[in-house]
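Listed below, chain by chain, are the residues.
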Amino acid sequence: MEGIATLKVGETVEQYLLIKQAVKGVTTAGKPFLTLIFQDKSGSIEAKLWDAGDEQVQLYPAGSIVYIGGEIQDYRGKMQLRIKQIRPVRDDETIQVSDLVQSSETPKEELYEELQSYLFELRNPAIQRITRHIVKKHEDAFITFPAATKNHHEYASGLIDHVTSMLRLGKSIATLYPTLNSDLLYAGIILHDIGKVIELSGPVSTVYTVKGNLLGHISIMVSEIELAATELDLDCEEVMLLQHMVLSHHGKEEWGSPKKPLIQEAEILHYIDNIDAKMNTLKRALSKTEPGEFTERLFALDNRSFYKPTIE
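Throughout this document, residue positions are counted from 1 along each chain, in the order its sequence is written. Local features in this predicted model are restricted to residues whose pLDDT is 70 or higher, and side-chain atom pairs enter the listing and the counts only when it is 80 or higher, whereas totals over whole chains, interfaces and linings include all residues. Just so you know, side-chain values use all the structure's heavy atoms and leave hydrogens and water out.

Details of the overall build of the protein chain
(1) Moving on: Summing up its helical and strand segments, the protein chain has 11 helices and 5 strands in all.
(2) Moving on: The C-alpha atoms of the protein chain give 21 Å as radius of gyration, which agrees with the globular expectation for 312 residues (20 Å, within 12%).
(3) Moving on: Along the first, second and third principal axes, the C-alpha atoms of the protein chain reach 60 × 45 × 40 Å.
(4) Moving on: When accessible area is computed with a 1.4 Å probe and restricted to protein chains, residues below 20% of their type maximum are described as buried, those above 50% as exposed, and intermediate ones as partly exposed. When each of the 312 residues of the protein chain is scored for burial, the buried share is 47%.
(5) Moving on: Whether two residues are in contact is decided by their heavy atoms: any pair within 4.5 Å suffices. Long-range pairs, those at least 24 residues apart, make up 57% of the contacts in the protein chain with a sequence separation of at least 6.
(6) Moving on: With an accessible surface of roughly 16200 Å², the protein chain has 52% of that area assigned to carbon and sulfur atoms.
(7) Moving on: Between the mean site of the 33 positive side-chain charges and the mean site of the 45 negative ones, the protein chain shows a separation of 4 Å. A run of DSSP states H or I qualifies as a helix once it reaches four residues; a run of E qualifies as a strand once it reaches two. Both are numbered from the N-terminal end. Both definitions apply: the radius of gyration is a C-alpha atom measure, and the globule rule equals 2.2 Å times residues to the power 0.38. Using a 1.4 Å probe, the Shrake-Rupley method yields the accessible areas, and only the shown protein chains count as cover for residues. A residue counts as positive if it is Lys or Arg and as negative if it is Asp or Glu; His and the chain ends are not included. Charged groups are reduced to one reference atom each: NZ for lysine, CZ for arginine, CG for aspartic acid, CD for glutamic acid.

The structure is reproduced here in C-alpha cells:
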C-alpha cells in the first residue's frame, strides 16, 4: 500500500494527512513548537512544526485533516517529515477521516468470527461464562479499537487483530505442551487487553483517557472480571486465576505488571503477548524496507535497526 509510511528519504510529500497526535513543546531557546504525528492508511510519521504559537495549536489539533507539502528526511535513524507547507483541509475538499485511518489487513468481521471459534472451544463453565460476558459487553469497541497509541497494533481494529494472532500462537503452544490448561490460556489471551477499550479514546487520533492515565488497562480489567463474576453469581478459583492472568501479563514489575506470572498459563501468556507485539512491529517495518537495507530504528525493540536479507 502506497502512502506516507512507504516513502524514502529525499522523496517529496504533497498529500492529505490526518493528525494523529499533536503535542506542544518548547525549544531550549524558549520558542514553541508542535510535535505532530501524521497518518494515512499506510501508517504514520512524525514531524515538527516550528514557531507554533497559539494560532497554530488551534489550527492543527489531533483528529483534523491537513494538506502537507514537504520532504522525507532521516533524523537519527528514523524517518521524519520536514514540513514546508501546511494548511487545514477546506470545506470544498471531499477528503474524510475514514479515508486516512489505518486499519487491520483482515476485516474486523472476520477477526471477530475467528475469535468466536475459540470461545466455543472453552469447556470450563465459569471461564466460558465470564469471558463471553465481558466480550459481549464491550463487543463494539473490542472490534474497532487499536491495541496501543504507538509501537504495535496501533491502528483501527488492532486490538482484535492482536488477540486473534495471539490465539493462534496459543493454540500451537498448547498442542506442544499439553499440561497447559487451554481454557485458561485462551481466556487470558482474550481478556488481557480488553481494558484498553476504557484506557484509550478510540480508533481515531487515539489518546489515553482520564481513567486510562489514572488506572491503566490492567487494573481496569481486573475490576471488570470481578464485576462479571458478581453479575453471574460466580465465586470460584477461576475468577482469581483469570485476574492473575491479566495482572501478570506484562511479566515484570518494571514493565508495568503488578504481579509476576505465578502459574504456567500466565508465563506463556506473557511470552505470547511479547512475541506478537514485536513481530507486528517488525512485519510492518520490514514491509517498508528494501532487501539488503536496514529498517528505521524501532523504539519498541531497543531502538535497533533490523536488516532485511536479500535471500528468499
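Describing the domain arrangement of the protein chain
(1) Moving on: Here the protein chain is partitioned into domain 1 (11-99) and domain 2 (108-284).
(2) Moving on: Spacing between the C-alpha centres of domain 1 and domain 2 amounts to 33 Å.
(3) Moving on: Across the boundary between the two partners, domain 1 contributes 7 residues, which contact 5 residues of domain 2.
(4) Moving on: Accessible-area loss on putting two parts together, using a 1.4 Å probe and summing over both, is the definition of buried area adopted here. Together domain 1 and domain 2 conceal approximately 460 Å² of surface at their shared face, both sides included; 47% is due to carbon and sulfur atoms.
(5) Moving on: A per-residue breakdown of the area domain 1 buries against domain 2 is headed by Lys20, Gln21 and Val97, which together make up 72% of the total.
(6) Moving on: A side-chain nitrogen of Lys or Arg and a carboxyl oxygen of Asp or Glu constitute a salt bridge if their distance falls within 4 Å. In this structure, the connection of domain 1 to domain 2 is made through 0 salt bridges. Delimitation of the domains relies on an automatic or database domain assignment.

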